[in-house]
Every structure is written in structure tokens, then in C-alpha cells.
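The lines below spell out each chain.
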Amino acid sequence: MSPPLIKGWCPSAHRPMMSGDGLIVRVRPRLARLDVRQAIALCELADRFGNGTIDLTNRANLQLRGVAQANHKKLLTELAELNLLDAEPGIEVRRNILVSPLYRDGDQTTTLAEELMRRLAELPELPAKFGLAVDVGQTRLLAADSADIRLERGLDGLVLRADGAETGCSITEDEAVDQVIHLARWFAQSFTPSLRRMAQLIAERDLPLKWQGKEVVPIGPMIQPGSSEIGPVYGAAFGQLPASKLSELIEASGATAIRVTPWRMFILEGGSVKQASAFVTHESDPLVTADACPGAPHCPQAEMETRTIARALAPRVSGSLHVSGCAKGCARKKPADIVLVGNSGRFDLVKRGRAGDEPCQRGLTSETLMTMDLT
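Fair warning: this is a prediction, and the values are worked out from it, not measured in the lab.

(A) Inspection of the environment of Ala-199 at higher detail. Position of Ala-199 among the secondary structure elements: in helix H6 (residues 198-204). The exposure class of Ala-199 is partly exposed, given its relative accessible area of 30%. Not counting residues up to four positions away in its chain, the partners in contact with Ala-199 are Asp-163 and Gly-164.

If you want it as C-alpha cells, here you go:
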């Protein structure tokens, strides 16, 4: 098996990525929220320009897949009309901001995130996947999600924390964004081609003491499919949202908006609970702990179809399951109890590891896997 190609950047709307089924066009919802008009229209665009599905990414972004190159400019025009596109491509790439999704209009989360968005142009040149997180609720929800600089809550106020550091520094709301920019500039002056994320950098180099010493609040319970204080929560198996089914659910629920999360779940703001067989509706569903990339033929690097076998195996795996079309392991970076990796038309098996780890068994067929003990 040849090593998978690592592209080192994420698709955007202005700079889509070519995949096996066409262009991947990423949409970055501001404050992780689309109002009902934007959400319904995006579903229609996925049907008209893409393959009828919307991907929900682990950075709380949305992706249209299967877009023909000839339709890319038309799609951009319609995204701009929906206010889902930054006019300046450079700003769009920098608007990589995770927000804790249970915010209220006008609270500290929205205030800080909106100021960050207004001042993105002040950030230095940073690696493509560099991200920010606004996680200032009474408990932290984004601690395990991808971000390099984090605004969090301490025991007596706001804390700015570099990812990978145990502690951060106390800041006021008025100075928070200034300090984010200051820390980003330190990183920009310090990172190297092999140390392109904050946690990697400070594992090798000392973080200045002025950005350490203040403890942050504990990590809170993970949101699960069911209900929340904002509205009903639904899961998306493998992060895939069937566009027509999503549109139907939004309209049936009476929701005023949809909020997306980095956890393959979305919240129907102000909506009522409705039956939705196309989505995960209960935390006990085995698909909650199953990950699978798009696989073949949708990804040119994938050596196996992934999601059919993942759906079949998920109820038979007692822990977490990751099915990857290749050793790159895009769908899940952390270890899983059972990992299947496509290799030359069959699967390799890794237990309690990652897709790129040494397998304990090789050359397994789908039929063999369905008869194996995968506990």
C-alpha cells in the first residue's frame, strides 16, 4: 500500500478541493449558525449543484460534495447572496473559529466571536489549519476539538490558553481579542514546517510564562442526541446530512435556525422534536461512536467503500469503531477500539489504535469481518 497523500490544507468555498466525485466546497457558518432561510437554501443548493448530501465536519463547518467545476462560480454567487461567503478569500480561510453551541444572543460567546471575526485581518500569516475556539460557558465543551488558541473560563474570569498547555492567563473581555492576536503573532514567529500546530510547538519549545498559570473550569458533559436548552439535538451518521431530509426536518420542526457542532450533531434552534429516521435520535445508537470517511469511489485515495460496512458492524462492536478507506484516517484522529483500514481491496484490522498504526490482521474481506468477534 502506497502512503496516502497529505494535502496539508482544508477546502474552502473559494478554494475547493477535488475529490473522486467532484469538488468539495466548504461553507463556514458564522457563529456555527444558519437561519432557517439559509439552511433551507443550502439544502437546495446541495441537491442542485452537488450530490444531494451535506457533510458536517469536525470543525463545525458544512461541505457540499460532488460539485462540477463548471458550476463552481454559480454556486459561489448563490452562497454570497445567502451571506454564507466572505468576499475576501483570505478572510474566509482565517475564519476558522469554533464556538460552544449553547450560547444565547448577546452573551459573552457571541460578543467575543463577533469581535474575532471583525478583526481577522489583524492576524499574522498562519498555517492553513490553525484555529481558534470560544468556549466561555460555565463548563468547557470544546476542549477535545481542534483549536490552537482558546478563550475559556477560569474560576474567576476569562482565560486565554494555548492549546497543549495545562493552564492559561487571566484576561478581561475588553482585552481578549488583543491577547489572541498577540499570542498568534508569537506562534507565527516561532512555528516551523514540522511544528505547524500550537500543541506541537509548545511540546518542543517553552511557552512564555505570561501565558500560563491560570486554571480553567472543568470539561462539561458532551451534548447527546435528544434535547437541549436551545432545541432538539440530532446526530448525523458519519457526519453526512441528506439534504432533502434535513430540509424536511427543519420545516416540520418549526425551527428558526440550525446550529452545527464539531461532534456530528446539529441543534434545531427553537424547534420541536420530530421523528427523523434519516438521523441519529438517541445517544444509545451505535452510530454515535462509529466513524467512517466517504471512502471509495468518493475519495480518490480510498481503497475500499467504507460506510456500508461501518453501518453493518457498528451494532456488533462494543466500543468505538473507525472504518477508513486508507491509512490517512481522515474521519478520526484519536484512537478507536476497532479500526479497519482499506488496503488493496480488503481491510486491515487495528485494535485500540489509529488508522496509520500497525495492523494485527491483514487482508480481511467484508464477509469475514461480519463473522468475526470484534469485542
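Let's pick the thread back up.
(B) Looking closely at the side chain of His-322. Inspection of the secondary structure assignment puts His-322 in strand S16 (residues 321-324). Judged by relative accessible area, His-322 falls into the buried class, the value being 1%. When residues no more than four places from it in sequence are discounted, the contact partners of His-322 are Asp-291, Gly-329, Ala-331, Arg-332, Ala-336, Ile-338, Val-339, Leu-340 and Ala-355.

(C) Local environment of the packing of helix H4 (residues 108-118) against helix H5 (residues 176-190). Two elements in contact, H4 and H5, have axes whose closest approach is 10 Å; the angle formed by their N-to-C orientations is 50°. Considering their axes alone, H4 and H5 lie oblique with respect to each other. The way H4 lies across H5 gives a crossing that is right-handed. Judged by residue contacts, Leu-112, Glu-115 and Leu-116 of H4 engage Ala-176, Val-177 and Val-180 from H5. In the contact of H4 with H5, the residues fall into 5 nonpolar, no polar and 1 charged.

(D) A look at the pairing of strand S13 (residues 257-260). Where burial is concerned, the two faces of S13 agree: the one with Ala-257 and Arg-259 and the one with Ile-258 and Val-260 are both buried. Bridge count between S13 and strand S14 (residues 265-269): 4 bridges; the pairing is antiparallel. Opposite Ala-257, over in S14, you have Glu-269 as the bridge partner. With antiparallel pairing between neighbouring strands as the criterion, S13 and S14 make up a hairpin whose turn holds 4 residues, including Arg-264 at a positive phi of roughly 60°.

(E) A look at the sheet that holds strand S4 (residues 53-56). Reading across the sheet, the 5 strands line up as S1-S2-S5-S4-S12 and stay open at both edges, with antiparallel pairing between neighbours. This sheet does not close on itself; its edge strands, each paired only once, are strand S1 (17-19) and strand S12 (240-242). Adjacent strand axes in the sheet meet at a mean angle of 35°, parallel and antiparallel pairs treated alike. Sheet analysis places S4 next to S12, joined by 3 bridges and oriented antiparallel. Among the inter-strand pairings, Thr-53 is bridged to a residue of S12, identified as Pro-242.

(F) Focus on the nonpolar core. Ranked by size, the top nonpolar core spans 85 residues in total, and within it Leu-42, Leu-79 and Leu-151 carry the most contacts. In this structure, Leu-151 is in contact with Leu-112, Leu-116, Ala-133, Val-134, Asp-135, Val-136, Val-159, Leu-160, Ile-171, Ala-176 and Val-180, ignoring residues within four places of it in sequence. Residues Leu-287, Met-304, Ala-314 and Leu-321 belong to the second largest nonpolar core, which totals 22 residues.

(G) Fine view of the packing of aromatic side chains. This model, assessed by the stated rule, comprises 5 aromatic pairs. Look at Phe-130 and Phe-187: their rings are 4.8 Å apart centre to centre, the planes differ by 45°, and that puts the pair in the tilted class. Remark: Phe-187 occurs in helix H5 and Phe-130 occurs in the loop between H4 and strand S7 (132-135); sequence separation between them is 57 residues. Classification of Phe-130 by relative accessible area gives buried; the value is 6%. Where Phe-266 meets Phe-279, the ring centres are 5.4 Å apart and the plane angle is 80°; that geometry is what we call edge-to-face. Here the residue Phe-266 occupies a position in strand S14, and Phe-279 occupies one in the loop between S14 and strand S15 (290-292), the gap between them amounting to 13 residues. Grouping residues by exposure puts Phe-266 and Phe-279 together as buried. By the ring-pair criterion, three or more aromatic residues cluster together here, those being Phe-130, Phe-187 and Phe-191.

(H) Broad picture of the sheet that holds strand S18 (residues 346-353). Strand order in the open sheet formed by 5 strands is S15-S16-S17-S18-S19, with mixed pairing between adjacent strands. With one partner strand each, in any of the chains shown, S15 and strand S19 (361-364) form the two edges of the open sheet. When the angles between neighbouring strand axes are averaged without regard to direction, this sheet yields 20°.

How each quantity is defined
- Residues numbered from 1 in each chain as written.
- Predicted model: local features only at pLDDT ≥ 70, side-chain atom pairs only at ≥ 80, totals over all residues.
- Heavy atoms only, no water.
- Helix = DSSP H or I, 4+ residues; strand = E, 2+ residues; numbered from the N terminus.
- Buried < 20%, exposed > 50% of the residue type's maximum accessible area, 1.4 Å probe, protein only.
- Contact = heavy atoms within 4.5 Å.
- Axes fitted to C-alpha atoms, helices over the stretch in contact; angles between N-to-C directions.
- Parallel < 35°, antiparallel > 145°, perpendicular 65-115°, else oblique.
- Left-handed = near helix turned anticlockwise from the far one by under 90°.
- Nonpolar A, V, L, I, M, F, W, Y, C, P; charged D, E, K, R; others polar.
- Pairing = 2+ DSSP bridges.
- Core = buried A, V, L, I, M, F, W, Y, C linked by side-chain atoms within 4.5 Å.
- Phe/Tyr/Trp six-rings, centres within 6.5 Å; stacked < 30°, edge-to-face > 60°.

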